[in-house]
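What follows is each chain in one-letter form.
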Amino acid sequence: MKLLRFGRDFEPDEQVILRDYLAIERTRLANERTLLSYVRSSLYLLLGSIAFFQLKEFSNFEYLALTALIFSTVFFIIGVYRFTLLKRSLKRLYYKTELEEKP
């Protein structure tokens, strides 16, 4: 049931105190919020490119639509990459391995 787990129990490494743990949680939440804004921007660009493709009277907008579609894909990839990079970094530095299941 790892998918439905929203928070973590407070069992970080021995050197991390509660104040540091809360700072780490704020960083984790900010990372998720940043991913969502990348996804939102990507979806807006995708919608814009679809709208430009629908304009049949203006053939010059086809290049703009392709550019928006490319940037939409690039934004999505950058957002997912940055999210996974910071998530791995936080796990490596501050958390015990989550592969260990509690009895």
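Residues numbered from 1 in each chain as written. Predicted model: local features only at pLDDT ≥ 70, side-chain atom pairs only at ≥ 80, totals over all residues. Heavy atoms only, no water.

1. Some thoughts on the confidence of the model for the protein
Right, so step 1: Looking at the protein, pLDDT values average 81 and 75% of them are 70 or higher.
Right, so step 2: Between residues 97–103, whose pLDDT stays under 50, and residues either more than four places distant or in other chains, the model counts six contacts. (pLDDT = per-residue confidence, 0-100. Contact = heavy atoms within 4.5 Å.)

2. As for the pattern of salt bridges
Right, so step 1: In this structure the tally under the stated criterion is two salt bridges.
Right, so step 2: Between arginine 28 and glutamate 25 there is a salt bridge, with the nearest N and O atoms lying 2.7 Å from each other. Here arginine 28 pairs with glutamate 25, and both are found in helix H1 (residues 18–54), just three residues apart, close to one helical turn.
Right, so step 3: Looking at glutamate 25, the relative accessible area reads 13%, which means it is buried.
Right, so step 4: A network of salt bridges, in which partner residues are shared, links Glu25, Arg28 and Glu32. (Salt bridge = Lys/Arg side-chain N within 4 Å of Asp/Glu carboxyl O. Helix = DSSP H or I, 4+ residues; strand = E, 2+ residues; numbered from the N terminus. Buried < 20%, exposed > 50% of the residue type's maximum accessible area, 1.4 Å probe, protein only.)

3. Considering the packing of aromatic side chains
Right, so step 1: Counted according to the given criterion, the structure contains two aromatic pairs.
Right, so step 2: Measuring from ring centre to ring centre gives 5.3 Å for phenylalanine 52 and phenylalanine 61, while their planes differ by 55°; the resulting arrangement is tilted.
Right, so step 3: On the accessibility criterion, phenylalanine 52 (27% relative accessible area) is partly exposed.
Right, so step 4: An angle of 40° between the planes, with centres 5.5 Å apart, marks the rings of phenylalanine 58 and phenylalanine 61 as tilted. (Phe/Tyr/Trp six-rings, centres within 6.5 Å; stacked < 30°, edge-to-face > 60°.)

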